[in-house]
Amino acid sequence: MPRQKKSLKGEYEKTPVDLTSLMHESANKIILDSEERKVAFKRELPNHPIMVQGNSNDLIRVMDNLLVNALRYVGAEGHIGFESRLEDSAAIITITDDGEGIKTEDIERIWEFGWQAKNAKHGASGFGLA
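A brief structural summary.

A few words now on the pairing of strand S7 (residues 90-97). Pairing of strand S6 (residues 79-87) with S7, which is carried by eight bridges, proceeds in the antiparallel orientation. Considered in S7, the bridge of arginine 85 is made with isoleucine 92.

A word on the nonpolar core. Counting residues in each nonpolar core, the largest one holds 19 residues, and the members touching the most others are Met23, Phe41, Met63, Leu67, Ile80 and Phe82. Mapped onto this core, the elements with two or more residues apiece are helix H1 (19-28), helix H3 (56-73) and S6. Here this core gets five residues from one element, more than from any other, and that element is H3. When near neighbours in sequence (up to four residues on either side) are disregarded, isoleucine 80 contacts Val39, Ala40, Phe41, Lys42, Leu67, Ala70, Leu71, Val74, Thr96 and Asp97.

In the Ramachandran plot, lysine 38 falls in the positive-phi region, its phi being about 60° despite a non-glycine side chain. By secondary structure assignment, the location of lysine 38 is in the loop between helix H2 (31-36) and strand S4 (40-44). Located in the positive-phi region is aspartate 88, a residue other than glycine, with phi close to 50°. Within the fold, aspartate 88 resides in the loop between S6 and S7. On the accessibility criterion, aspartate 88 (76% relative accessible area) is exposed.

The subject of this paragraph is the sheet that holds S7. Read from one edge to the other, the open sheet built from three strands follows the order S4-S6-S7, with strand pairing classed as mixed. Bordering the open sheet on either side are S4 and S7, each of which pairs with just one other strand. In this sheet, adjacent strand axes meet at a mean angle of 10° when their direction is disregarded. In this fold H1 packs onto S4, S6 and S7, with an angle of close to 175° to the strand it touches most, S6.

Let us look at the side chain of serine 84. Here serine 84 is to be found in strand S6. Taking the relative accessible area as the measure of exposure, serine 84 reaches 12% and is therefore buried. Not counting the four nearest positions on each side in its chain, serine 84 is found in contact with Met23, Glu44, Pro46, Ile50, Ile92 and Ile93.

Calculation rules
Residues numbered from 1 in each chain as written. Predicted model: local features only at pLDDT ≥ 70, side-chain atom pairs only at ≥ 80, totals over all residues. Heavy atoms only, no water. Pairing = 2+ DSSP bridges. Helix = DSSP H or I, 4+ residues; strand = E, 2+ residues; numbered from the N terminus. Core = buried A, V, L, I, M, F, W, Y, C linked by side-chain atoms within 4.5 Å. Buried < 20%, exposed > 50% of the residue type's maximum accessible area, 1.4 Å probe, protein only. Contact = heavy atoms within 4.5 Å. Axes fitted to C-alpha atoms, helices over the stretch in contact; angles between N-to-C directions.

What follows is the structure in structure tokens.
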């Protein structure tokens, strides 16, 4: 029987998920906006499946949130990178940008429900990462 975990929304099952497919799906959601804003969106995504145990809805939600945040906070003609790799049997996803960033003293706070940087002026709720 699959192991069940609890989330804020209740019970869910971890199942085999193709992370590569989810990454391509998430990337496709911001391609047009990045082109419109003249933001270079560099994707280095594998062409082969990377299978992980997880919840596809939660995984895509996290990737979407991080990519949308990157696009929101990077300036016009900025850069966003999105890549994945396998390292010691672990799937590593990296999202980089040259936006304004988060102050070092605030890094741990990004996981707090509703927290948002004091200088946040982009209309986000602050609930995404929590």
